[in-house]
Amino acid sequence: MNKIEFYILENWGKVNKPLTKEYALLSHFLDDIGRYFPYHQDDTIENLKNILKGEKTFADIQDPEVYWSYGEGSGYFEIEGTTAFFEPDSSDAPRIVMPLAEVIEIVQEWIAFLRQ
């Protein structure tokens, strides 16, 4: 993976760091999955996989009244078809457009790292 590095920081625990500023929003997204949704991590992966397979839409897995906001307001996450978008909100980090399959792979790696 050339976008995010996972490591253990003494006195802080398991963290991730974007390798370039271009992936700052992805890092915030992963932080929130690890920090705020520990009991929903498996569901998150399953829902993303179901969207990728065409069995669900993004609207099916989210409250249509709110964005998937993350990073304490730094951005939000959206999916259209098989493409994922990390949109900046209050952050100066650049927008990210990635294949959903790649997002799923990174989220799975992050969750596996957290559970080690």
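Details of the structure are given in the entry above.
Quick look at the structure, then. Note that the structure is a prediction, hence the values are computed from the model and not measured. The written sequence of each chain sets the order in which its residues are numbered from 1. The predicted nature of this model means local features are confined to residues of pLDDT at least 70 and side-chain atom pairs, given and counted, to a pLDDT of 80 or more, with totals for whole chains, interfaces and linings taken over all residues. To obtain the side-chain values, all non-hydrogen atoms of the structure were used and water was disregarded.

Okay, the sheet that holds strand β6 (residues 96–99) next. In this analysis, strands are considered paired if DSSP registers two or more bridges between them. To qualify as a helix, a DSSP run of H or I must reach at least 4 residues; to qualify as a strand, a run of E must reach at least 2; elements of each kind are numbered from the N terminus. Taken together, 4 strands build an open sheet; the order of strands is β3-β4-β5-β6 and the sheet is antiparallel. Edge positions in the open sheet fall to β3 (68–70) and β6, since each of these has one partner strand only. Strand after strand, the sheet turns through a mean of 25° between neighbouring axes, direction not considered. As paired strands, β3 and strand β4 (residues 75–80) are joined by 3 bridges and run antiparallel to one another. Its bridge partner being in β4, Tyr70 is matched across the sheet by Gly75. We call two residues in contact when some of their heavy atoms are within 4.5 Å. In this analysis an axis means a line fitted to C-alpha atoms, helices contributing only their contacting stretch, and an angle means the value between N-to-C directions, from 0 to 180 degrees. Against the sheet, helix α1 (residues 24–36) contacts β3, β4, β5 (83–88) and β6, and its axis sits at roughly 95° relative to β3. Where helix α4 (residues 100–115) meets the sheet, its contacts fall on β4, β5 and β6, and the angle it forms with β6 comes to roughly 90°.

Of the two faces of β6, the one holding Ile96 and Met98 is buried and the one holding Val97 and Pro99 is not buried anywhere. Bridge analysis of β5 against β6 gives 4 bridges, and the strand direction is antiparallel. Paired with Phe85 across the strands is Val97, a residue of β6. Burial classes: relative accessible area under 20% of the type maximum marks a residue as buried, over 50% as exposed, and values in between as partly exposed (1.4 Å probe, protein chains only).

This brings us to the environment of Asp42. Note on placement: Asp42 falls in helix α2 (residues 41–52). For Asp42, a relative accessible area of 47% gives the class partly exposed. Under the rule applied, a polar contact is a pair of N or O atoms within 3.5 Å (in protein, one hydrogen donor and one hydrogen acceptor; residues adjacent in sequence only if both atoms are side-chain atoms). Side chain to side chain, Asp42 and Arg115 meet in a polar contact 3.0 Å long.

On to the nonpolar core. Core analysis: the biggest nonpolar cluster contains 29 residues, and Phe77, Phe86 and Val103 have the highest contact counts within it. Those elements that provide at least two residues to this core are β1 (4–9), α1, α2, α3 (58–61), β4, β5, β6 and α4. In terms of residue count, the dominant contributor to this core is α4 (8 residues). Residue types Ala, Val, Leu, Ile, Met, Phe, Trp, Tyr and Cys, when buried and joined through side-chain atoms within 4.5 Å, form a set referred to as a nonpolar core.

Before going further, it helps to spend a moment on the packing of aromatic side chains. Ring geometry is summarised as follows: Phe, Tyr and Trp rings, the Trp one being its six-membered ring, pair when their centres sit within 6.5 Å, and such pairs are stacked at plane angles under 30 degrees, edge-to-face over 60 and tilted between the two. A complete count under the given rule lists 7 aromatic pairs for this structure. Each ring, one from Phe6 and one from Trp110, has its centre 5.0 Å from the other, and the planes form 45°; the classification is tilted. Of the two residues, Phe6 sits in strand β1 while Trp110 sits in helix α4, which places them 104 residues apart along the sequence. Across the pair, Trp110 and Phe6 agree in class, each one buried.

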